[in-house]
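Single-letter residue listing:
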Amino acid sequence: MKSEAIELVVQYKDGTEIKENTAKVFASKKSVSRNEFYAAYGVGLRPGYIFVMHPAEFKLADIEVDGVVYSATHVRHNGTLYEIVRTYQKDIYNLEITVK
């Protein structure tokens, strides 16, 4: 069940400023598996969590500036900002977002 409230955060450059666009969505949160953690750790990544949501909801944060479309780069959950390491569409109903 997707019961965790998260914010998808898009950081983009507008002129000389870095701006932020957010979209609030619901996702389920799960831990990174042991195998995935150690494989990522071996190449210098430190994955923390996986958030699972509907793929269409991920697009809610997209923003177009000067003809360029920017997508979410971070997830904010319980006041902590996580960087998106990877997205993976498991099936037509579930998109996994791995964050560090």
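Overview of the structure. (Residues numbered from 1 in each chain as written. Predicted model: local features only at pLDDT ≥ 70, side-chain atom pairs only at ≥ 80, totals over all residues. Heavy atoms only, no water.)

Some points on the pattern of salt bridges
What counts, and what does not: Salt bridge, as used here: a side-chain nitrogen of Lys or Arg that lies within 4 Å of a carboxyl oxygen of Asp or Glu. For helices the rule is a DSSP run of H or I covering at least 4 residues; for strands it is a run of E covering at least 2, with both sets numbered from the N terminus onward. Exposed residues in this analysis have more than 50% of their type's maximum accessible area, buried residues have under 20%, and partly exposed residues fall in between, with area computed by a 1.4 Å probe over protein chains only.
As enumerated under the stated definition, the model contains 6 salt bridges in all. Among the salt bridges present, the one from glutamate 96 reaches lysine 30, with a minimum N-O distance of 3.1 Å. Highlighted residues: glutamate 96 in strand β8 (residues 95-99) and lysine 30 in strand β2 (residues 17-31), separated in sequence by 66 residues. On the accessibility criterion, glutamate 96 (11% relative accessible area) is buried. Two residues, aspartate 62 and lysine 59, come together in a salt bridge whose shortest N-O distance is 3.9 Å. By relative accessible area, which is 23% here, aspartate 62 ends up partly exposed.

Focus: the packing of aromatic side chains
The condition is simple: Pairing of aromatic rings covers Phe, Tyr and Trp, the last through its six-membered ring, and needs centres within 6.5 Å; plane angles under 30 degrees mean stacked, over 60 mean edge-to-face, and all others mean tilted.
Tallied over the entire structure, the rule returns 2 aromatic pairs. Centroid distance tyrosine 12 to tyrosine 70: 5.9 Å. Interplanar angle 35°. Geometry classified as tilted. Taken as a pair, tyrosine 12 in strand β1 (residues 4-14) and tyrosine 70 in strand β5 (residues 68-70) lie far apart in primary sequence, 58 residues in all. Classification of tyrosine 12 by relative accessible area gives buried; the value is 10%.

So, the sheet that holds β1
Our working rule: Paired strands, in this sense, are two strands between which DSSP finds at least two bridges. To obtain an axis, a line is fitted to C-alpha atoms, over the contacting stretch when the element is a helix, and the angle between two such axes runs from 0 to 180 degrees between their N-to-C directions.
With antiparallel pairing, the 6 strands of this closed barrel are ordered in space as β1-β2-β3-β8-β7-β6. For this sheet, the mean inter-axis angle between neighbouring strands, taken without regard to orientation, is 45°. In terms of strand pairing, β1 meets strand β6 (residues 74-77) through 3 bridges, oriented antiparallel. Counterpart to leucine 8 in the pairing with β6 is valine 75.

Some details on unusual backbone geometry
Of note in this structure, aspartate 66 is not a glycine but carries a positive phi near 50°. By secondary structure assignment, the location of aspartate 66 is in the loop between β4 (63-65) and β5. One non-glycine residue with positive phi stands out, namely asparagine 78, at about 50°. As for its placement among the helices and strands, asparagine 78 is situated in the loop between β6 and β7 (80-89). The exposure class of asparagine 78 is exposed, given its relative accessible area of 67%.

Digging into the pairing of β2
By the bridge criterion, 11 bridges tie β1 to β2 in an arrangement that is antiparallel. The residue bridging lysine 13 from the neighbouring strand is isoleucine 18, located in β2. In this structure, the hairpin formed by β1 and β2 is closed by a connection of 2 residues, where glycine 15 is found at a positive phi of approximately 70°. As defined by bridge partners, β2 adjoins strand β3 (residues 49-53) across 4 bridges and the pair is classed as antiparallel.

Geometric values such as these leave the question of function open.
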